[in-house]
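Fold and contact review
Below, each chain spelled out in residue letters.
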Amino acid sequence: MENEYTHIEKYEDSRAYREEYRDGILALMARRAKELEAERRKKVTPESMKENKEAYRAEFKKLLGWPLTESYPTDLPEVRFFEEPIEGAQAVVRRTKIRLFDELWLYGLLFVPYDMKAGEKLPGIISQHGGLGTPELCSGLTGDSANYNDMTSRILSHRAVVFAPQLLIWKKEDGEPDFDRAHIDQQLKMMGSSITAIEVFGIMRAIDYLQSRPDVDENRIGMVGLSYGGFYTLHAAAADPRIKAAISSCAYNDCTTFHINDWTFPQAAYTLLDAEIAGLVAPRALVLEAGDHDQLFDPKGAEKEFVFTRAFYAAEGAEDKVLLNVFDGPHELYKGSEDMDFFFANL
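As the structure is a prediction and not an experimental result, all values here were calculated from the model. (Residues numbered from 1 in each chain as written. Predicted model: local features only at pLDDT ≥ 70, side-chain atom pairs only at ≥ 80, totals over all residues. Heavy atoms only, no water.)

**A few points about the overall build of the protein chain**
Condition: Under the DSSP-based scheme used, a helix requires at least four consecutive residues in state H or I and a strand at least two consecutive residues in state E, with every element numbered from the N terminus. Within these notes, the globule rule equals 2.2 Å times the number of residues to the 0.38 power, and the radius of gyration is based on C-alpha atoms. What sets the accessible areas is the Shrake-Rupley method with a 1.4 Å probe; for residues, cover comes only from the shown protein chains. As used throughout, the charge tally considers Lys and Arg to be positive and Asp and Glu to be negative, leaving His and the chain termini uncounted. Lysine's charge is taken at NZ, arginine's at CZ, aspartate's at CG and glutamate's at CD.
Secondary structure summary: the protein chain contains 12 helices and nine strands in total. In summary, the protein chain has a C-alpha radius of gyration of 22 Å against a globular reference of 20 Å for 347 residues, a match within 12%. Only carbon and sulfur atoms are counted for the fraction: they give 53% of the accessible area of the protein chain, which is about 17,000 Å². Positive and negative side-chain charges of the protein chain, numbering 40 and 58 respectively, have mean locations separated by a distance of 3 Å.

**Some details on the pattern of salt bridges**
Convention followed: What makes a salt bridge here is a side-chain nitrogen of Lys or Arg within 4 Å of a carboxyl oxygen of Asp or Glu, nothing more. Partly exposed describes any residue whose relative accessible area lies between the buried limit of under 20% and the exposed limit of over 50%, with all areas from a 1.4 Å probe on protein chains only and scaled to the type maximum.
Throughout the structure, instances matching the rule amount to 28 salt bridges. One salt bridge connects arginine 95 with glutamate 136, and the closest N-O pair in it is separated by 2.9 Å. Within this pair, whereas arginine 95 is found in strand 2 (residues 91-101), its partner glutamate 136 is found in helix 4 (residues 135-138), the two being separated by 41 residues in sequence. Among the residues examined, arginine 95 registers a relative accessible area of 26% and is labelled partly exposed.

**Looking at unusual backbone geometry**
Of note, the amide linkage connecting tryptophan 66 to proline 67 takes the cis form, showing an omega dihedral of 10°. Tracing the backbone through its elements, the reader meets proline 67 in the loop between helix 3 (53-64) and strand 1 (79-87). Put simply, alanine 282 and proline 283 share a cis peptide bond, and its omega is 5°. Secondary-structure assignment places proline 283 in the loop between helix 10 (274-279) and strand 8 (285-291). At aspartate 150, a residue that is not glycine, the phi angle is positive and equals roughly 60°. With respect to the helices and strands, the residue aspartate 150 is situated in the loop between helix 4 and helix 5 (151-157). For aspartate 150, a relative accessible area of 41% corresponds to the partly exposed category. Although it is not a glycine, serine 227 sits at a positive phi angle of roughly 60°.

**Concerning the nonpolar core**
Soluble globular proteins: nonpolar side chains tend toward being buried together. Going by this rule: What makes a nonpolar core is a set of buried Ala, Val, Leu, Ile, Met, Phe, Trp, Tyr and Cys residues whose side-chain atoms join them at distances within 4.5 Å. The contact criterion used throughout is that any non-hydrogen atoms of two residues lie within 4.5 Å.
Tyr232 and Leu286 are the most contacted members of the largest nonpolar core, which totals 70 residues. By residue number, the principal contributor to this core is helix 7 (residues 195-212), which donates 11 residues. Contacts of leucine 286, omitting those with residues within four sequence positions, involve Leu234, Ala246, Ala278, Val281, Tyr313, Lys321, Val322, Leu323 and Phe342. Counting residues in each nonpolar core, the second largest holds 28 residues, with Ala91, Tyr148, Ala160 and Leu226 among its members.

**A word on a nonpolar patch on the surface**
Note the threshold: Excluding any residue in a salt bridge, patches collect residues exceeding 30% relative accessible area, merging like charges within 9 Å and nonpolar Val, Leu, Ile, Met, Phe, Trp and Tyr side chains within 5 Å.
A cluster of nonpolar residues, Tyr21, Ile25, Leu26 and Met29, forms a patch on the protein surface that exposes about 430 Å² of accessible area. Here isoleucine 25 is to be found in helix 1 (residues 15-43).

**Let's talk about the environment of alanine 27**
As for its placement among the helices and strands, alanine 27 is situated in helix 1. When its relative accessible area of 46% is taken as the criterion, alanine 27 is described as partly exposed. C-alpha separation for the pair alanine 27 and histidine 158, spaced 131 residues apart in sequence, amounts to 49 Å.

**Looking at helix 12 (residues 338-345)**
Among the residues of helix 12, those classed as buried are Asp339, Met340, Phe342, Phe343 and Phe344. Of the surrounding elements, those touching the buried residues of helix 12 are strand 4 (122-128), helix 5, strand 6 (216-226), strand 7 (243-249), strand 8 and strand 9 (322-327).

**Structural notes on the side chain of aspartate 339**
Among the secondary structure elements, aspartate 339 is positioned in helix 12. Here aspartate 339 is buried and forms no salt bridge, its nearest opposite-charge partner arginine 154 lying at an N-O distance of 7.2 Å. Those residues within four positions of aspartate 339 in sequence are excluded, and the remaining contacts are Ile247, Val287, Glu289, Leu323, Asn325 and Tyr334.

**Quick look at the packing of aromatic side chains**
Condition: Two aromatic rings, drawn from Phe, Tyr or Trp (for Trp, its six-membered ring), form a pair once their centres lie within 6.5 Å of each other, and the interplanar angle then sorts them: stacked below 30 degrees, edge-to-face above 60, tilted otherwise.
Inspection of the entire model under this criterion finds 10 aromatic pairs. With centroids separated by 6.0 Å and ring planes inclined at 65°, the aromatic side chains of tyrosine 72 and phenylalanine 201 adopt a geometry described as edge-to-face. Residue tyrosine 72 is located in the loop between helix 3 and strand 1, and its partner phenylalanine 201 is located in helix 7; the two are separated by 129 residues in the primary sequence. The class for tyrosine 72 is partly exposed, based on a relative accessible area of 31%. According to the relative accessible area criterion, phenylalanine 201 is buried, its value standing at 4%.

**Some points on the packing of helix 3 against helix 8 (residues 228-239)**
Operational definition: Angles shown run from 0 to 180 degrees and are taken between the N-to-C directions of axes, each axis being a line fitted to C-alpha atoms and, for helices, limited to the stretch in contact. Here roughly perpendicular refers to angles of 65 to 115 degrees, roughly parallel to angles under 35, roughly antiparallel to angles over 145, and oblique to all remaining angles.
Between helix 3 and helix 8, the shortest axis-to-axis distance is 9 Å and the interhelical angle comes to 130°. Relative to helix 8, the element helix 3 is oriented oblique. For the pair helix 3 and helix 8, contact is made by Arg57, Phe60, Lys61 and Leu64 and by His235, Ala238 and Ala239, respectively.

**A short note on the pairing of strand 3 (residues 104-113)**
Stated precisely, the cut-off is as follows: Two strands form a pair only when DSSP identifies at least two bridges running between them.
Along strand 3, seven of the 10 residues are buried, which leaves the element largely enclosed by surrounding structure. Sheet topology note: the strand 2/strand 3 ladder contains 10 bridges and is antiparallel. For arginine 95, the partnering residue across the bridge sits in strand 3 and is leucine 109. Hairpin geometry of strand 2 and strand 3 is characterised by an intervening segment of two residues between the two adjacent antiparallel strands. Pairing geometry for strand 3 and strand 5 (residues 161-165), over four bridges, is antiparallel. Directly across from leucine 110, in strand 5, lies its bridge partner phenylalanine 163.

What follows is the structure, given as structure tokens:
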């Protein structure tokens with residue numbers, strides 16, 4: 001007769017029990033992820049996405065949380081400019097603030113080509129920095145633009161009015177304001193919101209402002225971003241159909257194997273991860289970039305998910321509007337001109 005001592009395993013010390021427990025949790029998670037992926041692929045099909053696009057978009061906004069779940073404002077946001085314009089090589093640059101709420105303003109840099117012609121209307125583009133970044137850095141105003149590879153300047157070279165917002169992800173050194181993004185995100189999630197929801201809403205209000213400008217063609221709105229900026233580009237384009245073309249660089253991936261805490265949302269694995277979120281952008285133009293030597297993201301994850309994203313586009317007869325560029329390089333905006341040319345050709 002078996003008793004509680006029938007199966008005895010010997011470990012040298014108690015650490016082995018803790019290691020086994022940890023490994024068991026990870027194995028359980030891996031199994032559950034596979035189960036939910038299979039469920040998600042069956043439930044969110046290219047056909048169902050095409051037929052129920054706005055219902056899925058509403059579900060997506062619900063995942064991110066308030067204020068995206070509220071009725072969208074019908075008024076234009078208050079905008080303030082600061083200091084004298086900075087004359088750049090390609091544009092006049094102005095420090096700008098856009099009111100999001102009574103107590104919250106979105107800071108950014110506004111770039112207007114210095115040789116604008118009377119009555120001319122140009123595309124309005126959001127140029128989004130990534131982690132540890134600033135509008136000044138991704139725009140080359142502090143010297144070397146680092147792995148952004150002159151992102152804002154390259155956008156301006158195609159002639160556009162550009163707004164580069166500051167998100168809550170700057171490098172905390174040299175006297176910069178301190179913050180705990182993860183803690184703030186956790187607090188917001190307890191309130192039915194998230195830092196992503198707040199900042200996607202901010203980007204949408206920046207688009208409101210761009211569309212109101214007499215020098216912007218309101219039907220030619222786009223967004224380009226690297227890393228965290230690529231994450232925000234994908235999520236803003238999924239949430240806001242006014243974005244007609246987007247370049248999401250070094251962010252799109254298999255979220256079941258790669259996680260950043262504030263990039264994850266309760267219940268998302270049941271319905272919407274990167275492949276499906278990109279499907280919400282269809283049939284609008286979308287470029288997804290991944291460096292094959294990226295030290296943060298495995299490009300194999302992007303390649304895996306792109307099979308499904310491409311199917312969402314194919315269902316809408318728009319397979320030529322989406323591309324994945326796995327390029328020879330690290331975690332950086334692709335240096336070649338093809339992606340930017342594709343982006344502007346589809347605005």
